[in-house]
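Each chain, letter by letter, is given below.
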Amino acid sequence: MKILEGKNVLIVGVANKHSIAAGIAESMSDNGANIALTYQNERLKGNVEKLGKEIGVETFIPCDVSSDIEIKDTFKNLSSQWEGLDAVIHAVGFAPREELDGEFVDVTSREGFQIAHDISSYSFIALAKEAKNMMEGRNGSLLTLSYLGSQMTLPNYNVMGLAKASLEASVRYLAVSMGKQGHRVNAISAGPIKTLAASGVKNFRKMLSYNATRSPIGRNITTREVGDAASFLTSDMASGISGEVLYVDGGFNITAMGSIEETETN
Ligand code: NAD
Ligand code: 0WE
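Residues numbered from 1 in each chain as written. Chains lettered and ligands numbered in written order. Predicted model: local features only at pLDDT ≥ 70, side-chain atom pairs only at ≥ 80, totals over all residues. Heavy atoms only, no water.

## Structural notes on the site of ligand 2
Working step 1: Around ligand 2, the structure places 14 residues, and the nearest of them are A95, R97, Y157, A197 and V201.
Working step 2: In the model, a nitrogen atom of ligand 2 is placed 2.8 Å from a nitrogen or oxygen of the A95 main chain.
Working step 3: Interatomic distance of 2.8 Å between a side-chain N/O atom of Y157 and an oxygen atom of ligand 2.
Working step 4: Relative to its unbound accessible area of 590 Å², ligand 2 is 89% covered by the protein chains.
Working step 5: Looking at the shell around ligand 2, its residues break down into 12 nonpolar, 1 polar and 1 charged. (Near = heavy atom within 4 Å. Polar contact = N/O pair within 3.5 Å; in protein donor to acceptor, adjacent residues only side chain to side chain. Areas by Shrake-Rupley, 256 points an atom, 1.4 Å probe, with all protein chains shown as cover. Nonpolar A, V, L, I, M, F, W, Y, C, P; charged D, E, K, R; others polar.)

## Let's talk about the site of ligand 1
Working step 1: Taken together, 26 residues lie around ligand 1, and S19, I20, Q40, I193 and T195 are the ones closest in.
Working step 2: Contacts to ligand 1 include T195, whose side-chain N or O atom sits 2.6 Å from an oxygen atom.
Working step 3: Compared with its free state, where it exposes 810 Å², ligand 1 has 92% of that area covered by protein.
Working step 4: For the shell around ligand 1, the per-class residue count stands at 17 nonpolar, 7 polar and 2 charged.

## What to know about the packing of helix α5 (residues 110-135) against helix α6 (residues 159-179)
Working step 1: Relative to each other, α5 and α6 sit at 20°, their axes nearing to 8 Å. Taken together, the axes of α5 and α6 are roughly parallel relative to one another. α5 and α6 meet at a crossing whose hand is right-handed. Along the contact surface, α5 presents G112, F113, A116, H117, S120, S121, F124, I125, A128, K132 and M135, while α6 presents V159, M160, L162, A163, S166, L167, S170, V171, L174 and M178. (Axes fitted to C-alpha atoms, helices over the stretch in contact; angles between N-to-C directions. Helix = DSSP H or I, 4+ residues; strand = E, 2+ residues; numbered from the N terminus. Parallel < 35°, antiparallel > 145°, perpendicular 65-115°, else oblique. Left-handed = near helix turned anticlockwise from the far one by under 90°. Contact = heavy atoms within 4.5 Å.)

Following this line, the structure appears as structure tokens:
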């Protein structure tokens, strides 16, 4: 039997086929899950429906996570299709572009801070709140996507690092809070991948090659590799894992120095 056979999974955060959430949907579909996808707005609807239908998805729901009403309606809609829900995948992150280019102390604004934390961190709690009813009695699983910038600094990640730190703390608090009903809450901290959210980020190509050379596995990771780890964490194979941040980054985070072969000497 497939590890997600018969499980109903809601995935939030597909924009296009390059999205980490698309790699997760693909892996989960191969592993037997029934999947519903949300899309942020009408502009993304066509893309999301097209790639969803290719992997057998039948349910598509609009959901901008800045709106409590749209989040409530998402679960109303879902409960008309499914009698219960086993998992929610949150793969959403956003900060205003100006926050992600320049000196942290200069470019960080009150409004940018609020938006980054609302969309990238609070929205996970908002989804958990509404998912709770439909997950009752089913030992559900909640999963979000984080990044190493929550723990260590890197150029330009700026306020997103703070929002991811908040998101990872909320994984721990939600794990305790929802553990009482038998649910598990985890995060995957993924290595850098060229997605829509990464496009236009200054020096992203250089960051990718820096990561590839410094990683124990000597290359960057794929959205499918994140998807396979997500399938595992969502399955009953991971019934003993909650409140955890699992690195899917080829081991980058455990190194203090990578290959010094190509490094200049003086
Ligand atoms: P992506 O652009 O494909 O996905 C980001 C998604 O967030 C999009 O689908 C977008 O529609 C959605 N989104 C943004 N604001 C929203 C809102 N108000 N309401 C609803 N949806 C909204 O990029 P991605 O890289 O796949 O990002 C997915 C997650 O993975 C994010 O949390 C990101 O921080 C995280 N992550 C990305 C990388 C990377 O290098 N790409 C690495 C580690 C973690
Ligand atoms: O979490 C992310 C993506 C974060 C992100 C990216 C954008 C660009 C477009 C959030 N909001 C926006 N808003 C936009 O308008 N990653 C882990 C990928 C990423 O983004 C970076 C990185 C890495 C890695 C931004 C700066 C530096 C490194």
